[in-house]
Amino acid sequence: MSSEHEPSYAGEQLGVPADGPGSMAPLWRRAVGLLVDWALVQLLARFAFGAELGAGGAQAFVPLGLLAVLNILTVTAFAATPGHALMRLQVLQVKPGSFPLQVLVRTVLLCLFVPAVLSARDGRGLHDALAGTVIVRR
């Protein structure tokens, strides 16, 4: 028999509540928040930097670079991107350390895409689990 306690809800091992403010954000809310941020950086890339939608070469990386800058600046300053804020979400630190460094790690992994679409055992995106962060409801 195992002496380990099986969590009864996602986020229990992280110390967040089961539901309501402070509980882990569901996947659909996190995805909508990311889509809002992606649309925002696509518009910014097009109108501020002249990057064509679907362009190849270096222009293809302008929106991704803007997404990285948006994430680093807004999550470090406000614990949320514009998309997170619209969906009433925020990024919390669940492991001790430097929050700006955790945001940087989280952002780099998010931009690599694969860690963001994989889930850790506790339901967080792998990028959040590796960075020591979690997205919760406000």
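This write-up is about the structure you can find in this document. Fair warning: this is a prediction, and the values are worked out from it, not measured in the lab.

A word on the environment of valine 16. Structurally, the position occupied by valine 16 is in the segment before helix 1 (27–49). For the pair valine 16 and valine 134, spaced 118 residues apart in sequence, the C-alpha separation works out to 9.5 Å. Dropping the residues within four chain positions of it, valine 16 is found in contact with Tyr9, Gly11, Gly22, Ser23, Met24 and Val136.

Along its 23 residues, helix 1 runs 31 Å from first to last C-alpha, staying within 8% of the 33 Å computed at 1.5 Å per residue. Within helix 1, the full set of buried residues consists of Arg29, Arg30, Gly33, Asp37, Val41, Gln42 and Ala45. A positive backbone phi angle near 70 degrees is found at glycine 50, which sits one or two residues after helix 1.

Mapped onto the elements of the fold, glutamine 42 is located in helix 1. As a C-alpha pair, glutamine 42 and leucine 67 span 25 residues in sequence and 8.9 Å in three-dimensional space. Beyond its immediate chain neighbours, meaning those up to four positions away, glutamine 42 contacts Leu53 and Pro63.

Turning next to the side chain of arginine 124. Mapping arginine 124 onto the fold places it in the loop between helix 5 (114–117) and helix 6 (126–131). Setting aside its immediate chain neighbours within four residues, arginine 124 contacts Leu14, Met24, Val94, Leu118, Ser119, Ala129, Gly132, Thr133 and Val134.

Quick notes on the rules
- Residues numbered from 1 in each chain as written.
- Predicted model: local features only at pLDDT ≥ 70, side-chain atom pairs only at ≥ 80, totals over all residues.
- Heavy atoms only, no water.
- Helix = DSSP H or I, 4+ residues; strand = E, 2+ residues; numbered from the N terminus.
- Contact = heavy atoms within 4.5 Å.
- Expected span 1.5 Å × (residues − 1).
- Buried < 20%, exposed > 50% of the residue type's maximum accessible area, 1.4 Å probe, protein only.

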